[in-house]
Amino acid sequence: MKLKKDQETNIALLKERLSTETNFDVFTKKMSFGDRSACLVGINGLCDTDLLLDVLADLEEHSSQSDDIESLYAQCSATDDLALIAEAVLSGQTVLLIEQADKACLLDTRSYPARGIQEPDMERVSRGARDGFTEVLLQNTALIRRRIRSTDLTFELKKIGTVSATDVVIAYMNTYADETLLQRIREQLEQIKAASLTMGSVSLEELLIPGSFLHPLPSLRTTERPDVVCSHLVEGHIAILVDTSPIVLLLPGTLFQFTQSPDDYYRSPPVGGFFRLLRFLCIPVNLLLLPVFLLLTAYYPDFSEKWQLLSTGSMAPARIFFYVLAVDFAMDLLKYSAALTSSKYSGSLSIVGGLLIGDIAVKLNWASVEVLFYAGISLLAGISLANVEFADGLRLYRLFLILTTGFFGPKGFWIGLLLIAISTATTPTIKGYSYLWPLIPFDRRALHNILFRNPTPKAQPPHIRRK
């Protein structure tokens, strides 16, 4: 629907579209603009009042007799589409309707509520930058621009959601980004038919990668750190930012991305390389330590006695299986309860859960000291991994392997391990790209940069995923 020349008709149409009689936060203010009447329409809480007053003062200095509304002020844009006008108001812009004008003037006075910029809790580093993304899209793009002052850096704006009309930005470097990958991302974003992105970037990930929710491991790497995003951009990756979400998606997603940590690059190359190799070691320890312990003690008692894996002698396989399941569940319960508890009590909760509950469980024959020890090592190995989502996916794989080993014995262990390998290899990522890159397909240079922490002079030029 288009606007009319009659101002009162335009005001009535806009009021009806925005339901001003019901929505208390929508304001309409009649005023005079030169020798003509005008009306302001906006949303309380999304408009910067001081900025709006400055814009109106500047507009008064321009010729109010001109029908070319777009020429009045640099921050103004004009349109006669009622749907676009209503969408602009709901996004925080202020609409100026002037008498005898068949177009509305959109004033960019947006000011969104936002928290302060601070370091993400899940991605802390011992040294380095302490800033992180927020829920405001413009702040997030500014944090990237501050680090990459290049004309190659590009931000493409899209709108996703027929109801929410959420702003989504594709960030990439023109020189380094793969044009084929970029075009596929554009096409898949345009094909998304969803009412809204309820959970922000998490909802977009599931819509962008079909079938990703069927696999425990994450299909894309997510981060809240601007330095991580910038390092991936100059390596040829593409980032997707979603308004109202501090989480940024990095495409294409690969398995080896989750073994990297920004803390590696804030240390010297030998120290950073050592901790990276230690993190690689934590993956098989977190996945296999408890299932292998169950396999050896339950089905190979001679081997268990030789290596003294059980201090109390041999036990029935069903009893060991119960111990492993109970302790694994208790460790996860302790981990997540401490993560969701206030920081004032999380330390006390961890001490009470680790010492008191563990000691009582042993005395009541609900667990054994050996199982508690190996479960504790598995828990520490999972916490040491740089990505929480990746560690949670390994936890589900570990539970699956424990169940197949406990119910089907050695054959179940090897079958479960094979199914885990197949599930990992078939984890979906962006169409046309391998989740196991740079191992499959093999890229020696990229694999070397992932496995080892190179000195900065040898890491130039910075792009890894070349065209």
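Caption draft 1: The overall build of the protein chain, seen in detail. In terms of regular secondary structure, the protein chain is built from 14 helices and 10 strands. Counting only residues that meet the buried cut, the protein chain has 48% of its 467 residues in that class. When the accessible surface of the protein chain is totalled, it reaches about 23,700 Å², and 60% of it is carbon and sulfur.

Caption draft 2: Looking closely at the layout of surface pockets. Here the largest pocket is characterised by a volume of approximately 1,300 Å³. Around the largest pocket sit 39 residues that line it, and Met122, Glu123, Ala386, Asn387 and Val388 are the ones nearest its centre. Those elements giving two or more residues to the lining of the largest pocket turn out to be β8 (221-223), α8 (269-299), α10 (317-340), α12 (369-384) and α13 (388-425). Residues that form the lining of the largest pocket fall into these classes: 17 nonpolar, 8 polar and 14 charged.

Caption draft 3: Examining the nonpolar core more closely. By size, the foremost hydrophobic cluster in this structure holds 23 residues, and its most contacted members are Ile185, Leu189, Leu204, Ile238, Ile240, Leu251 and Ile430. Broken down by secondary-structure element, the contributors of at least two residues to this core are β7 (166-173), α5 (179-191), α6 (201-208), β9 (238-242) and β10 (248-251). Per-element tally for this core: the top contributor is α5, with 4 residues. When sequence neighbours within four positions are dropped, the list of residues in contact with Leu204 reads Val168, Leu189, Ile192, Leu197, Ile240, Val242 and Leu249.

Caption draft 4: Spotlight on the packing of aromatic side chains. All chains considered together, the criterion is met by 7 aromatic pairs. Arranged with centres 4.7 Å apart and planes meeting at 40°, the rings of Phe293 and Tyr374 form a pair that is tilted. Linking Phe293 in helix α8 with Tyr374 in helix α12, this pair joins segments that are 81 residues apart in sequence. The two residues Phe293 and Tyr374 agree in class, both being buried. Measuring from ring centre to ring centre gives 5.3 Å for Phe321 and Phe407, while their planes differ by 75°; the resulting arrangement is edge-to-face. Residue Phe321 is found in helix α10, and its partner Phe407 is found in helix α13; the two are separated by 86 residues along the sequence. Exposure remark for Phe321: the relative accessible area of 12% places this residue in the buried category. Judged by its relative accessible area of 59%, Phe407 falls in the exposed class.

Caption draft 5: A look at α12. The first and last C-alpha atoms of α12 sit 23 Å apart over 16 residues, in line with the 22 Å expected at 1.5 Å per residue. Buried within α12 we find Glu370, Val371, Tyr374, Ala375, Gly376, Ser378, Leu379, Ala381 and Gly382.

Caption draft 6: Structural detail: a nonpolar patch on the surface. Together, Val271, Phe274, Phe275, Leu278 and Leu281 line one region of the surface with nonpolar side chains, adding up to about 440 Å² of accessible area. Tracing the backbone shows Phe275 in helix α8.

Caption draft 7: Summary view of the environment of Pro455. In this structure, Pro455 sits in the segment after α14 (444-451). Residue classification places Pro455 among the partly exposed positions, given a relative accessible area of 31%.

Caption draft 8: Representation of the pairing of strand β6 (residues 153-160) within the structure. Of the pairings in the sheet, the one linking β6 to β7 comprises 8 bridges and is antiparallel in character. Bridge pairing in β7 places Leu153 opposite Met173. Between β6 and β7, which pair antiparallel and follow one another directly, the connecting turn spans 5 residues, one of which, Gly161, has a positive phi of 105°.

Caption draft 9: View of the pairing of strand β4 (residues 94-98). Where burial is concerned, most of β4 is hidden: 5 out of the 5 residues are buried. Of the two faces of β4, the one holding Thr94, Leu96 and Ile98 and the one holding Val95 and Leu97 are both buried throughout. When strand β2 (residues 36-43) meets β4, the two strands line up antiparallel, connected through 4 bridges. Each residue of the ladder has a partner; that of Leu40, found in β4, is Leu96. Relative to strand β5 (residues 104-107), β4 runs antiparallel, the two sharing 3 bridges. Across the sheet, residue Val95 finds its bridge partner in β5, namely Leu106.

Parameters and conventions
Residues numbered from 1 in each chain as written. Predicted model: local features only at pLDDT ≥ 70, side-chain atom pairs only at ≥ 80, totals over all residues. Heavy atoms only, no water. Helix = DSSP H or I, 4+ residues; strand = E, 2+ residues; numbered from the N terminus. Buried < 20%, exposed > 50% of the residue type's maximum accessible area, 1.4 Å probe, protein only. Areas by Shrake-Rupley, 256 points an atom, 1.4 Å probe, with all protein chains shown as cover. 1 Å grid on protein atoms, 1.4 Å probe; cavity = no way out; pocket = protein on both sides within 12 Å on 5 of 7 lines; lining within 4 Å. Points joined across faces, edges and corners; volume = space filled by probe spheres on them. Nonpolar A, V, L, I, M, F, W, Y, C, P; charged D, E, K, R; others polar. Core = buried A, V, L, I, M, F, W, Y, C linked by side-chain atoms within 4.5 Å. Contact = heavy atoms within 4.5 Å. Phe/Tyr/Trp six-rings, centres within 6.5 Å; stacked < 30°, edge-to-face > 60°. Expected span 1.5 Å × (residues − 1). Patch = residues over 30% accessible without salt bridge, like charges linked within 9 Å, V, L, I, M, F, W, Y side chains within 5 Å. Salt bridge = Lys/Arg side-chain N within 4 Å of Asp/Glu carboxyl O. Pairing = 2+ DSSP bridges.

Distances and angles like these do not, on their own, reveal function.
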